[in-house]
Amino acid sequence: MSEGARPLLGRLESIEVEGLAALREAEDEEALEAARVRFLGRSGALTEALGEIGGLPAADRPDAGRKGNEVKGLLEKAHEARAAELRREARAREASQRDLTLPGRRPFRGGTHPVTRVIDEICDIFGELGFTRVRGPEVETEWYNFTALNIPLDHPAADVHDTFYLDEGVVLRTHTSPVQARVMQAHEPPVRVVVPGLCYRRDAFDASHAPAFEQIEGLAVDEGVDFIEFRSAIDHFVRRFFGPEVKTRLRPDFFPFTEPSAQVEVSCTICGGAGCSTCKGTGWIEIMGAGMVDPAVFEAVGYDPERYTGYAFGMGPARIAILRHRIPDIRLLYEGDVRFLRQLAGPEGG
Ligand code: DAH
C-alpha cells in the first residue's frame, strides 16, 4: 500500500467504526436521520473524506477509492437495516394498541331474496305431496291467459286497464294460471304441478300493489280427485308453512276457471284470530284463490271432464312474505335496498 494514502485510509476506518455504531444504535428515526446526515450527508464525514481522494497522488487513489466505496456501502446498508427495524417496531407498537376484542365487520355477501325463499319453501311443501315445479312463459297469447281459462275477452280482467298488451292477441301474462293449460296440453293426467313466476298488471305501484309480481299456481288433476283431497292439501300446506296452530277456512268466491271457487283464509298469524290491524279486525287473512277445476278448462285443453277432476290454486308469495315478516310496504321487496334485505337474508347471507 502506498504511504500517501495512509492518513485518509485511517480516517475512513474510523468513519466506518463510528458510523456503523451510530447508525445501528440510533434509538429512533430522528437519531437515525441525524447519524445519516453526520456520516452520509452532503457535508457528512464520509462525503468529505471521499472528496479528498481526488487530491491524493494518482498512485494512492485506487486504494483509497476502494476503501471509500466499501465504507459507503456498509454505512448505507446499516442505515437501511436500522430504518426497516424501526419501522417494524413502530408497526408492532401500533398493533399492540389495537383493541382486538372489537367484533369485526363482516361484509354482506348477499343472500336469497325473502320472496324467493317463500317461493322455494312453498314449492318444497307441495313437493312433499308429489307436486313438480314447472315454469311457463311470461309473454302469453290471449288464448292461454284468458280463453283457455274460461275468461271471456270482454271480462274486466282482459280489459286494457289491467293487462299489458304487447301486440294484437299477445299479452304479458296477468297471472300464472295460463301454465295450467300448457301443462295439461303437454301431459296426460295424473298432473300435479306448482308454477312460480312473474305476472304483470297495469296496477299502480303502491304499498300493496306492484305492476310486476310473483305468483305460484298449483294444479292437481287425476281420476277421483275430490274436494276432500283439495281441502286436505291446502290444510297440509298451511300447517307446514305457517305452523300447526294456524287454522284454515274456505270462503265462497268466484273465478271463471274453478267451480266451486274459494278464497283460502288462515287465522291471523299476528293476533291468533282475536282481531288486529293486519287482519282488519276479522281474525282471518286471505292467502290464495282456489277451487275445483271448471270442466270448461278441461274441454279447452282436450281433457275428458267426465273422467277427470282436479283442483287449482294461486297465491302471491310477496304478500305471504309481507305477512311473515310484518313488512309494512310491498315496495320494500322490490327496491333492492341492502340495508333492508340483509335483515331478512337467508342463512347463506349476512
Ligand atoms: N289466477 C288468479 C289471480 O291471478 C288466482 C287463482 C285463483 C288461481 C283461483 C287459481 C285459482 O288457480 O283456482 O287472481
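Up top is the structure.
Reading the values: the criteria
Residues numbered from 1 in each chain as written. Predicted model: local features only at pLDDT ≥ 70, side-chain atom pairs only at ≥ 80, totals over all residues. Heavy atoms only, no water. Helix = DSSP H or I, 4+ residues; strand = E, 2+ residues; numbered from the N terminus. Buried < 20%, exposed > 50% of the residue type's maximum accessible area, 1.4 Å probe, protein only. Areas by Shrake-Rupley, 256 points an atom, 1.4 Å probe, with all protein chains shown as cover. Lys, Arg positive; Asp, Glu negative; His and termini not counted. Charge placed at Lys NZ, Arg CZ, Asp CG, Glu CD. Near = heavy atom within 4 Å. Polar contact = N/O pair within 3.5 Å; in protein donor to acceptor, adjacent residues only side chain to side chain. Nonpolar A, V, L, I, M, F, W, Y, C, P; charged D, E, K, R; others polar. Phe/Tyr/Trp six-rings, centres within 6.5 Å; stacked < 30°, edge-to-face > 60°. Pairing = 2+ DSSP bridges. Axes fitted to C-alpha atoms, helices over the stretch in contact; angles between N-to-C directions. Contact = heavy atoms within 4.5 Å. Core = buried A, V, L, I, M, F, W, Y, C linked by side-chain atoms within 4.5 Å. Parallel < 35°, antiparallel > 145°, perpendicular 65-115°, else oblique. Left-handed = near helix turned anticlockwise from the far one by under 90°. Salt bridge = Lys/Arg side-chain N within 4 Å of Asp/Glu carboxyl O.

### Things to note about the overall build of the protein chain
Check the secondary structure of the protein chain and you find 11 helices and 10 strands. The buried share among the 350 residues of the protein chain stands at 41%. As displayed, the protein chain offers around 19,000 Å² of accessible surface, 51% of which is attributable to carbon and sulfur atoms. Between the mean site of the 42 positive side-chain charges and the mean site of the 56 negative ones, the protein chain shows a separation of 8 Å.

### A look at the site of the ligand
Near the ligand there are 15 residues, and of these His 175, Ser 177, Arg 201, Gln 215 and Glu 217 occur at the shortest range. Side-chain polar atom of His 175 to a nitrogen atom of the ligand: 2.9 Å apart, as the coordinates give it. One of the backbone nitrogen or oxygen atoms of Phe 313 is found 3.3 Å away from an oxygen atom of the ligand. In the complex, the protein chains occlude 89% of the 350 Å² of accessible area that the ligand would expose alone. Broken down by secondary-structure element, the contributors of at least two residues to the shell around the ligand are strand 6 (212-222), strand 9 (284-293) and strand 10 (309-315). The residue inventory of the shell around the ligand, partitioned by class, reads five nonpolar, eight polar and two charged.

### What about the packing of aromatic side chains?
Under the defined criterion, the tally for this structure stands at 14 aromatic pairs. With a centroid separation of 6.5 Å and 50° between ring planes, the pair formed by Phe 131 and Tyr 311 is classed as tilted. Here Tyr 311 lies in strand 10 and Phe 131 lies in the loop between helix 5 (114-128) and strand 1 (132-133), a separation of 180 residues in the sequence. Residues Phe 241 and Phe 242 carry aromatic rings whose centres are separated by 4.9 Å and whose planes lie at 75° to one another, so their mutual orientation is edge-to-face. Residue classification places Phe 241 among the buried positions, given a relative accessible area of 7%.

### What to know about the sheet that holds strand 3 (residues 165-167)
The three strands lie next to each other as 2-4-3, forming an open sheet whose pairing is antiparallel. Each of the sheet's edge strands pairs with one partner strand only, and the pair in question is strand 2 (139-141) and strand 3. Strand-to-strand twist across the sheet, computed as the mean angle between neighbouring axes with direction ignored, equals 40°. Bridge analysis of strand 3 against strand 4 (residues 170-172) gives two bridges, and the strand direction is antiparallel. Paired with Asp 167 across the strands is Val 170, a residue of strand 4.

### What to know about helix 10 (residues 317-325)
One turn of an α-helix holds 3.6 residues; hence residues three or four places apart share an orientation. Regarding helix 10, the residues found buried are Pro 317, Ala 318, Ile 320, Ala 321, Ile 322 and Leu 323. Of the surrounding elements, those touching the buried residues of helix 10 are helix 5, strand 6, helix 8 (227-242), strand 9 and strand 10. Note on helix 10: the residue one or two positions beyond its end, Arg 326, has a positive phi of about 55°.

### Examining the sheet that holds strand 7 (residues 248-255)
Adjacent strands of a sheet form backbone hydrogen bonds with each other and so pair up, either parallel or antiparallel. In space, the seven strands of this open sheet follow the order 1-5-6-10-9-8-7, with mixed pairing throughout. Each edge of the open sheet is held by one strand with a lone partner, namely strand 1 and strand 7.

### Some remarks on the side chain of Ser 177
Mapped onto the elements, Ser 177 comes out in the loop between strand 4 and helix 7 (178-186). Ser 177 gets classed as buried once you look at its relative accessible area, which sits at 4%. Of note is the side chain of Ser 177, whose polar atom sits 3.4 Å from the side chain of His 175.

### Considerations on the nonpolar core
Counting residues in each nonpolar core, the largest one holds 44 residues, and the members touching the most others are Ile 122, Phe 237, Ile 287, Tyr 311, Phe 313, Met 315 and Leu 333. Counting only elements with at least two residues in this core, the list comes to helix 5, strand 6, helix 8, strand 8 (258-267), strand 9, strand 10, helix 10 and helix 11 (338-344). By size, the runner-up hydrophobic cluster in this structure holds 23 residues, among which are Leu 149, Ile 151, Val 195 and Phe 257.

### A few points about the packing of helix 3 (residues 45-53) against helix 4 (residues 61-96)
Angle between the axes and distance between the axes: these two values describe a pair of packed helices. Running from N to C, helix 3 and helix 4 cross one another at 160°; their axes reach a closest spacing of 10 Å. Our classification of the angle between helix 3 and helix 4 gives roughly antiparallel. By crossing handedness, the relation of helix 3 to helix 4 is classed as left-handed. Residues Leu 46, Leu 50 and Ile 53 of helix 3 form the contact with helix 4, whose participating residues are Arg 61, Ala 64, Gly 65, Gly 68, Val 71, Lys 72 and Leu 75. Residues of the contact of helix 3 with helix 4, tallied by class, amount to six nonpolar, two polar and two charged.

### As for the environment of Gln 180
Position of Gln 180 relative to the elements: it lies in helix 7. Relative accessible area serves as the criterion here: at 2%, Gln 180 is assigned to the buried category. For the pair formed by Gln 180 and Leu 341, sequence separation is 161 residues and the distance between their alpha carbons is 32 Å.

### Some points on the pattern of salt bridges
Going through the model one piece at a time under the given rule, you end up with 21 salt bridges. In this structure, Glu 94 and Arg 98 form a salt bridge, with 3.8 Å as the shortest nitrogen-oxygen distance. By relative accessible area, Glu 94 is classed as partly exposed at 48%. With a shortest N-O distance of 2.7 Å, Glu 223 and Arg 307 are connected by a salt bridge. On the criterion of sequence distance, the pair formed by Glu 223 in the loop between strand 6 and helix 8 and Arg 307 in the loop between helix 9 (295-301) and strand 10 is long-range, its members being 84 residues apart. Each of Glu 13, Glu 16, Lys 67 and Glu 70 takes part in a single network of salt bridges with overlapping partners.

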